[in-house]
Amino acid sequence: MTEIIIEKNLVEEILAALEDVKDPEIPFISVVELGIITAVEVDNDNVKVKMIPTFTACPAIKLMQQQIRDRVLVMGFNKVEVVIDPSVAWSSDRVSEAGIKKLEKFGLGTAHRHGGEFSFNELSQSKCPHCGSNNTTMQSMFGSTLCRSMHYCFDCKQGFERFKPL
Amino acid sequence: MQSVKELILKMADDALIIGHRNSEWTGIGPILEEDIALSSMAQDKVGHALALYTILHDEFGEAVPDQFAFGRKEKDFRCCHLVEYPIGEYDFTAVRHFLFDHAEILRYELLTQSTFEPLALLAKKIKGELKYHVMHADSWITRLGLGNDESHSRMQSALNNAYPIALGIFEEGQFENELLEQKFFGGEKVLREMWEEKIEPIIGRAHLELPKAKDETIGMGGRNGYHTLHLQPLLDEMNEVISSEATGTEW
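Predicted model, so just to flag it, every value in this text is computed and none were measured. (Residues numbered from 1 in each chain as written. Chains lettered and ligands numbered in written order. Predicted model: local features only at pLDDT ≥ 70, side-chain atom pairs only at ≥ 80, totals over all residues. Heavy atoms only, no water.)

I would appreciate a short explanation of the domain arrangement of chain A in the present structure.
Accessible area lost upon the coming together of the parts is a frequently used measure of interface size. Residue and element names in this part refer to chain A. According to the domain assignment, chain A contains domain 1 (2–84) and domain 2 (92–163). Put simply, the middle of domain 1 and the middle of domain 2, counted by C-alpha atoms, are 27 Å apart. Taken together, the contacts link 14 residues of domain 1 with 14 residues of domain 2. Counting each side, the surface lost to burial between domain 1 and domain 2 is near 1300 Å², with a carbon and sulfur contribution of 68%. Summed over the three residues of domain 1 that lose the most area to domain 2, namely Ile-26, Phe-28 and Glu-33, the buried surface amounts to 44% of that side. On the surface where domain 1 and domain 2 come into contact, there are one salt bridge. The tally of links from domain 1 across to domain 2 stands at four residue pairs in polar contact (both at pLDDT 80 or more). Here the element with the most residues in the side of domain 1 that touches domain 2 is strand S2 (residues 26–30); it accounts for four residues. When its residues are assigned to classes, the side of domain 1 that touches domain 2 shows ten nonpolar, two polar and two charged. (Domains from an automatic or database assignment. Contact = heavy atoms within 4.5 Å. Buried area = accessible area lost by both parts, 1.4 Å probe. Salt bridge = Lys/Arg side-chain N within 4 Å of Asp/Glu carboxyl O. Polar contact = N/O pair within 3.5 Å; in protein donor to acceptor, adjacent residues only side chain to side chain. Helix = DSSP H or I, 4+ residues; strand = E, 2+ residues; numbered from the N terminus. Nonpolar A, V, L, I, M, F, W, Y, C, P; charged D, E, K, R; others polar.)

Help me understand the packing of aromatic side chains, please; the structure alone is not making it clear to me.
Aromatic ring pairs are defined here through the distance separating the ring centres and the angle between the ring planes. Considering all chains together, one arrives at eleven aromatic pairs over all chains under this definition. Their ring planes at 55 degrees and their centres at 4.8 Å tell us that Phe-28 of chain A and Phe-106 of chain A sit as a pair that is tilted. Placement of Phe-28 of chain A in strand S2 and of Phe-106 of chain A in the loop between helix H3 (97–105) and strand S6 (108–109) is noted, with a sequence separation of 78 residues between them. Residue class for Phe-28 of chain A comes out partly exposed when judged on its relative accessible area of 37%. Residue Phe-106 of chain A is classed as partly exposed on the basis of its relative accessible area of 29%. For the ring pair Phe-116 of chain B and Phe-184 of chain B, a centre distance of 6.4 Å and an interplane angle of 90 degrees mean the geometry is edge-to-face. With a gap of 68 residues between them, Phe-116 of chain B in the loop between helix H5 (90–111) and helix H6 (117–145) and Phe-184 of chain B in the loop between helix H8 (176–181) and helix H9 (188–205) connect regions that are remote in the sequence. Given a relative accessible area of 7%, Phe-116 of chain B falls into the buried group. Each residue in the set Phe-60, Phe-116 and Phe-184 of chain B is aromatic and connected to the rest through ring pairs, giving one cluster. Note that Arg-72 of chain B overlies the ring of Phe-77 of chain B, its terminal NZ or CZ placed 4.1 Å from the centroid. Lys-131 of chain B extends its terminal NZ or CZ atom over the ring of Phe-118 of chain A, reaching a point 4.4 Å from the ring centre. (Phe/Tyr/Trp six-rings, centres within 6.5 Å; stacked < 30°, edge-to-face > 60°. Buried < 20%, exposed > 50% of the residue type's maximum accessible area, 1.4 Å probe, protein only. Lys NZ or Arg CZ within 6 Å of the ring centre and 35° of its normal.)

It is not clear to me how the packing of helix H2 (residues 32–60) of chain B against H5 of chain B should be interpreted in this structure. Could you clarify?
The relative placement of two packed helices is expressed as an angle between their axes plus a distance between the axes. All names here are of chain B. The interhelical angle for the contact between H2 and H5, taken along N-to-C directions, is 35 degrees, at an axis separation of 13 Å. Crossing hand, H2 versus H5: left-handed. On the side of H2, the interface is formed by Glu-34, Leu-38, Met-41, Lys-45, His-48 and Leu-52, while H5 contributes Tyr-90, Thr-93, His-97, Phe-100, Asp-101, Glu-104 and Tyr-108. (Axes fitted to C-alpha atoms, helices over the stretch in contact; angles between N-to-C directions. Left-handed = near helix turned anticlockwise from the far one by under 90°.)

This is how it looks when you write it as structure tokens:
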């Protein structure tokens, strides 16, 4: 019984430490807030962190794996493995509330919670992260990274990028 | 299991080759947004190819993805002819993109039900990403089909050229029966029916007409290793850097 409690605490400690590891493309938001950590398993001195890419072709995945491994290693574990978890598909619904607030602060529009399937209408309707207006239009469903689209706000006359629904 | 391996191989080769073709628009797209769109979709496709080659490596003992993707001879590729053709003018690129991507997303939708779990799991992931690709394709088919006389006639003529070749997507391999029996995949016939049902109304809304293919086999051969004359020069180009160094060079 005691052992289980210790392990549970360790998992929480590791997750807290992983708040330090940021998405290299959006250095405001952590891998935990982004919803890409699917499991942390602790077995004595060994840790296995399971993670998923946002988009399959995410070019930052190897770098993030390395950074996660390094961050957990400095906590004093003997062996840390960071593996891709094929059983879970990332969705924009996995971004935490704290994560959404940070994306908006960073100047990115965010995705609505869609519960599984997003529609074309959902794509073109984005709240402007600068002035909060909904009077906006999508200019391109592709942007500077795979996970962003490009939009324009008619009220504050600013272009902005949005963290895409998926 | 040979059947599911061949299925994954042809999907991976399709994605790799269309990805490279899409990337040829990087820097020369007709407008900046299209340059970015084609480049982003190229990145997605090559990423999907990597995920599929990774299954071939993990589950079937094939070489590591980089080596497997680039180290094979032309006759060992299983991509369809449609993806091999040069990018041409933007009308051809847009029509090919439309025809190919609708077939691709429907294939992944069918594969979410596959009894081969690694593929079913990947299909669930990839089909969401491909939504952006088909929405992009649909928007250009509609916009250019309804644009002006020139854009309409160019789109119709590109469709007349590309449609018979696109039927090669659905060429059956030698293990088609096993795929169906083992419920690995719903099959090429079912996929083609779903595809036609899907694309016809969109083509109609763009005031374009789906042509009748005089010869339905004109785009076939790729699934059995027989390719157009466009594939080998593309493979040479893709391999130009790596083939300049001795095997096993660390980059």
